[in-house]
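Residue-level structural notes
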Amino acid sequence: MKEATLQSRPSQQFNVIRRVYQQDALNKDADYQVPEKPLGYRCKRVVQNCGFGDCLLNSLPIARWLPRYNMKKDLVGDLVAGATTAVMHIPQGMAYAMLAEVPPIVGLYMAFFPVLIYVIFGTSPHVSMGTFAVACLMAGKVVSQHSSHSELVNAVNVTTSEGPPFLTGGYSPVEILSVLSLTIGLMQVIMWMMRLGAVSTLLSEPLVSGFTTAASFHVLTSQLKDLFGVKLPKLGSNYKVIFTAIEIVKSIPNANWIAFAISAITCTIIALNNEVLKPRISKISRVPVPIELMAIVFGTLASKFGNLKELYGVSLVGTIPTGLPEPKVPAIEMIPTIALDAFTITMVTYTISMSMALIFATKEKYEVDANQELLALGASNMFGSFFGCAPLCASLSRSYIQYQAGSKTCLTSVVSASLILCVLLWVGPLFELLPRCVLASIIVVSLKGMFMQVKELAKFWNLSKLDAIVWLVTFSITLLIDIDIGLGAGLLASVATLFCRSQKPYTCLLGRVLDTDLYLDIKRYRAAEEISGIKIFHYCGGLNFATKNLFRVTLFRKIGYFKQQQADDESNLAKSESLEWDSSISNKVQCVIIDATALSYVDAPGIKSLVAAQKELVTNDITVLLAGANGPVLEMIERYNSLESEQLQLDTFPTVHDAVVYYKMLEAKKDTSITIQT
């Protein structure tokens, strides 16, 4: 009954009585002033806000959360999540290290050394840092281009300070990977110092989706040789997916069918677990079945007792050293050579890691510092580079598992790294007999999530055709040509879409809703009616050197300054010189009000276009008024007028309604004076 009463109440009405304001009068009554921040004031604020204690807490987040750690509330979740993540780190680390063209043990180093540094500097407790397929694939491309004898990578003992004899005179894969990680770390630290955390926004969602989807096909083709047990010739970087597929087809008669059978069985079992068993297990336990680890264990046992290497020629992982590697200074002289590749990987890894961190931050309602994440990733990569680690990146699959397993703080990563340390010290050699096709199978099945991103194309197409074009351009060029070229093409396509959107701002004519001060688009609201003799032009966007001509032509077209037969010719929008002027415009329109409430920015060329448009209309006895401009726009106009001889002399008003009432008052005064004179 109460609800029905509330619904039956009439809407509340307010009658506001105030004077008609011009902008200058409002500024005076409201005591408007331009905010001033002198250099001395800003320096003082920096010193106050960056005391030693604050800097320490901001740069070392562990100093903020560790003293407040709640053992009873968080410890169990961190222990369970840490153990679960470690179980996933082992197979994924070993498998993804193969993508980087380095020994599988390097993947386990990545789950230990850089992760501990991220715990100190990182701000996201839920992301799982370590190996990631796309990052390792991009690193592997650099390694294969600049290292010597990368095909003998399995024979390299990464714990030695000196490379084997056959690598003298060149750089080993681990050495190239080390200097790559160091370069990426340096770039990220420099970006942190320059406060460039927002740079991740340069890679839009359609771009990242199309890029990672195409990169997953590169990952797939790179594993086909191990799935089929064949050897392929070294191929160029461009068109690698196509050439690899052709070489695989040629090599099928020489395939190792035992390796292929093991691959098929492993892929089938892991896929069945992920699609059938995992959803059911997740309802009764937050700890998933460690199917990848089980595949490694059973694959190793099958290799040992079946003599797969000796009897059937199945390729094995090879030597896995025990203990921790000795730190070694990377080959710094290689930094200029790989700098461009390092920058590309820097952008990709940072964007993916930040995207994952923001997803969990939104779910758990905490803040992630984008600049601090740059420091965390940079410090982690620099530290890991001394131990031959690949570039660090958040893993999508591990992060979701870690979150679902109950991770509460960054202590989860400490637990995971501790278990990985046990594997490095004692368990590693047990996996020397593991067939490489098992690791390849783990990689291929894990790509399902990225393959399914193809479905996002339909979403982007329905939301925005331009976003869909960015996705298609990035995906096609990355897939068909190369990863680096595809990423560059995607960036260019994103910039092009921004330009296209800036060239098509939302414009309309406004009409007044009867007996209100509301002015709405007359094409969208049938109750909005134009006021006789007044055209109210609404412009949404920025008015700058790129849009000045578009603004002027659109304004004239909307108010009817061009003849009617050409008013609907959209193809001539930018060709104002080919349009015919309507000299009778002043008989229909006496006032043009430019609604600048949605004008976000204006520069000097934009103001010049306003000056030109005003002059053109004033010569035809049409009054021009400006309404709703924000403070920065008005301040820019004032600065322009103080510097230029041709000034913009417009009456400005805080709202459209003020401008309309003001003009009607002027017209009423004119009519009164004419009557008196008569």
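As a convention, each chain's residues are numbered from 1 in the sequence order in which they are written. Predicted model: local features are reported for residues with pLDDT of at least 70 only, side-chain atom pairs are reported and counted for 80 or more only, and whole-chain, interface and lining totals are derived from all residues. Only hydrogens and water are removed before side-chain values are computed, so all heavy atoms of the structure are retained for them.

The protein chain has the name Prestin isoform X3 in an unreviewed UniProt entry, where Vanessa tameamea is given as its organism. UniProt positions are given in the numbering used here, feature names are shortened, and annotations may be inferred rather than shown by experiment. Listed under Subcellular location (unreviewed entry) in UniProt, the entry text for the protein chain is "Membrane".

**Quick word on the overall build of the protein chain**
Under the DSSP-based scheme used, a helix requires at least four consecutive residues in state H or I and a strand at least two consecutive residues in state E, with every element numbered from the N terminus. A count of helical and extended segments in the protein chain gives 29 helices and 10 strands. In the protein chain, which comprises 678 residues, the proportion classed as buried is 48%. We call two residues contacting when some pair of their heavy atoms lies within 4.5 Å. If you take every contact in the protein chain between residues at least 6 apart in sequence, the share linking residues at least 24 apart comes to 81%. Carbon and sulfur atoms make up 61% of the accessible area of the protein chain, which amounts to about 34100 Å² in all. Burial classes follow relative accessibility: with a 1.4 Å probe on protein chains only, a residue under 20% of its type's maximum area counts as buried, one over 50% as exposed, and anything between as partly exposed. All accessible-area figures derive from a Shrake-Rupley calculation using a 1.4 Å probe, and residue coverage is judged against the displayed protein chains alone.

**Here we look at the nonpolar core**
If you look at the biggest cluster of nonpolar residues, it comprises 104 residues, and the most contacted ones within it are Met-94 and Leu-439. If you tally residues by element for this core, the top one is helix H16 (residues 335-364), at 13 residues. Those residues in contact with Met-94 that lie beyond four places of it in its chain are His-89, Pro-104, Leu-108, Ile-296, Ile-320, Phe-431, Leu-434 and Leu-439. Take the buried residues of types Ala, Val, Leu, Ile, Met, Phe, Trp, Tyr and Cys, join any two whose side-chain atoms come within 4.5 Å, and each joined set is a nonpolar core. Membership of the second largest hydrophobic core comes to 31 residues, among which are Phe-551, Tyr-561, Val-589 and Leu-648.

**Focus: the UniProt feature "transmembrane region" (unreviewed entry) in the protein chain**
Under the local residue numbering, the UniProt record ascribes the feature "transmembrane region" (unreviewed entry) to residues 98-121, 176-194, 206-224, 257-277, 338-362, 374-397, 409-427 and 472-499. From the first C-alpha to the last, residues 98-121 spans 28 Å; its make-up is 71% helix and 0% strand.

**Here's the deal with helix H12 (residues 240-251)**
The length a helix should cover is 1.5 Å for every residue beyond the first. End to end, H12 covers 16 Å across 12 residues, agreeing with the expected 16 Å (1.5 Å per residue, within 8%). The elements touched by buried residues of H12 are helix H11 (205-228) and helix H23 (465-480).

**Re the pattern of salt bridges**
Pairing is possible between side chains that carry opposite charge, provided their charged atoms lie close to one another. By definition here, a salt bridge exists when the distance from a side-chain nitrogen of Lys or Arg to a carboxyl oxygen of Asp or Glu is within 4 Å. Inspection of the entire model under this criterion finds 10 salt bridges. For Lys-328, the salt bridge is made with Glu-175, and the minimal N-O distance between the two is 2.9 Å. On the criterion of sequence distance, the pair formed by Lys-328 in the loop between helix H15 (308-312) and H16 and Glu-175 in helix H10 (residues 173-193) is long-range, its members being 153 residues apart. Here Glu-175 falls in the partly exposed class, since its relative accessible area comes to 21%. Across the salt bridge formed by Lys-535 and Glu-530, the nearest N and O atoms sit 3.2 Å from each other.

**Quick word on the packing of aromatic side chains**
Each Phe, Tyr or Trp ring (for Trp, its six-membered ring) is paired with any other whose centre lies within 6.5 Å, and the angle between the two planes then decides the class: stacked below 30 degrees, edge-to-face above 60, tilted in between. Considering all chains together, one arrives at 17 aromatic pairs under this definition. With a centroid separation of 4.8 Å and an interplanar angle of 50°, the aromatic rings of Phe-653 and Tyr-662 are classed as tilted. The class for Tyr-662 is buried, based on a relative accessible area of 18%. Taken together, the ring pairs connect Tyr-109, Phe-112, Phe-113, Phe-383 and Phe-387 into an aromatic cluster.

**Focus on the state of the cysteines**
Cysteine sulfur atoms that pair up within 2.5 Å are treated as a disulfide. Overall, the coordinates contain zero disulfides when judged by the stated rule. As a non-bridged cysteine, Cys-508 has Cys-540 as the owner of its nearest cysteine sulfur, 9.1 Å distant.

**Notes on helix H27 (residues 604-618)**
The periodicity of an α-helix, 3.6 residues per turn, causes residues three or four positions apart to be oriented the same way. Between its terminal C-alpha atoms H27 stretches 21 Å, which fits the 21 Å expected from 15 residues at 1.5 Å a residue. For H27, the complete set of buried residues consists of Gly-606, Ile-607, Ser-609, Leu-610, Val-611, Ala-613, Gln-614 and Leu-617. Here H27 starts with a cap whose side-chain oxygen sits 2.9 Å from the backbone nitrogen of Gly-606, and that cap is Asp-603. Within 3.5 Å is the distance limit for a polar contact, defined as a pair of N or O atoms, with the added protein rule that one can donate a hydrogen and the other accept it, and that residues adjacent in sequence qualify only through two side-chain atoms.

**As for the pairing of strand E3 (residues 506-513)**
Burial analysis of E3 places six of its eight residues in the buried class, the great majority of the element. Here, a strand pair is defined by DSSP locating no fewer than two bridges between the strands. Here E3 pairs with strand E6 (residues 534-543) via five bridges, running antiparallel. Along E6, the bridge assignment pairs Leu-509 with Phe-537. In this structure, the hairpin formed by E3 and strand E4 (residues 519-521) is closed by a connection of five residues, where Asp-515 is found at a positive phi of approximately 60°. For E3 and strand E5 (residues 528-529), the ladder comprises two bridges, and the chain directions are antiparallel.

**Quick look at the pairing of strand E9 (residues 623-627)**
Within E9, four of the five residues are buried, which leaves it mostly tucked inside the rest of the structure. The pairing of strand E7 (residues 591-595) with E9 spans five bridges and is parallel. Of the residues in E9, the one forming a bridge with Ile-594 is Leu-626. Note: E9 against strand E10 (residues 651-653), three bridges, orientation parallel. From the neighbouring strand, Leu-626 faces E10, where its bridge partner is Thr-652. The path from the first strand over the helix to the second decides the hand: if it runs clockwise while the strands point away from the viewer, the crossover is right-handed. Of the crossover connections in this fold, the one passing from E9 over helix H28 (residues 631-643) to the parallel E10 is right-handed.

**Observations concerning the side chain of His-218**
Within the fold, His-218 resides in helix H11. Assessed through its relative accessible area of 7%, His-218 is described here as buried. At a separation of 2.6 Å, a polar atom in the side chain of His-218 contacts the main-chain carbonyl oxygen of Thr-478.

**A closer look at the packing of helix H6 (residues 71-99) against helix H18 (residues 396-404)**
Across the interface, H6 lies against H18 with an axial gap of 9 Å and an inter-helix angle of 160°. By the criterion of interaxial angle, the relationship of H6 to H18 is roughly antiparallel. Between H6 and H18 lies a crossing of right-handed hand. Along its contact with H6, which presents Ala-81, Thr-84, Thr-85, Met-88, His-89 and Gln-92, the element H18 presents Ser-397, Arg-398, Ile-401 and Gln-402. Asp, Glu, Lys and Arg are counted as charged, while Ala, Val, Leu, Ile, Met, Phe, Trp, Tyr, Cys and Pro are counted as nonpolar; the rest, among them Gly, fall into the polar class. Here the residues of the contact of H6 with H18 sort into three nonpolar, six polar and one charged. Axis geometry follows a simple rule: fit a line to the C-alpha atoms, using only the stretch in contact for helices, then measure angles between N-to-C directions, giving values from 0 to 180 degrees. Comment on the angle field: the value is read as roughly parallel under 35 degrees, roughly antiparallel over 145, roughly perpendicular from 65 to 115, and oblique elsewhere. Throughout, a crossing is termed right-handed when the near helix is turned clockwise from the far one, and left-handed when it is turned anticlockwise from it by less than a right angle.

**Looking at a nonpolar patch on the surface**
A surface patch of nonpolar side chains, amounting to about 430 Å² of accessible area, comprises Tyr-239, Ile-242, Phe-243, Ile-246 and Leu-480. Top element by residues in the nonpolar patch is H12. It accounts for three residues. Positionally, Ile-242 belongs in helix H12. According to the relative accessible area criterion, Ile-242 is partly exposed, its value standing at 37%. For patch building, the residue pool is restricted to those with more than 30% relative accessible area and no salt bridge; the joining distance is 9 Å between like charges and 5 Å between nonpolar side chains (Val, Leu, Ile, Met, Phe, Trp, Tyr).

**Re the confidence of the model for the protein chain**
For every residue, the predictor states its confidence as a pLDDT score lying anywhere from 0 to 100. Of the residues in the protein chain, 87% have a pLDDT of 70 or more, and the chain-wide mean is 85. Here residues 1-9 scores under 50 on pLDDT; set against residues more than four positions off or in separate chains, the count is zero contacts. Confidence drops under pLDDT 50 across residues 564-579; counting only partners more than four residues distant or on other chains, this segment forms 18 contacts.

**Re unusual backbone geometry**
The backbone of Asn-307 sits at a positive phi, close to 50°, despite the residue not being glycine. On the basis of relative accessibility, which here comes to 36%, the residue Asn-307 falls in the partly exposed class.

**Remarks on the environment of Gly-229**
As for its placement among the helices and strands, Gly-229 is situated in the loop between H11 and H12. Along the primary structure Gly-229 and Asn-254 are separated by 25 residues, whereas in three dimensions their C-alpha atoms are 8.7 Å apart. Apart from the residues within four sequence positions on either side, Gly-229 is in contact with Asn-256 and Ala-259.

**A word on the side chain of Glu-292**
On the secondary structure map, Glu-292 appears in helix H14 (residues 291-306). Charge assignment in this entry is limited to Lys and Arg as positive and Asp and Glu as negative, and neither His nor the chain termini are counted. No salt bridge is formed by the buried Glu-292; the nearest opposite charge belongs to Lys-278, separated by 5.5 Å. Look past the residues within four positions of Glu-292 in its chain and what remains in contact with it is Pro-91 and Ile-442.

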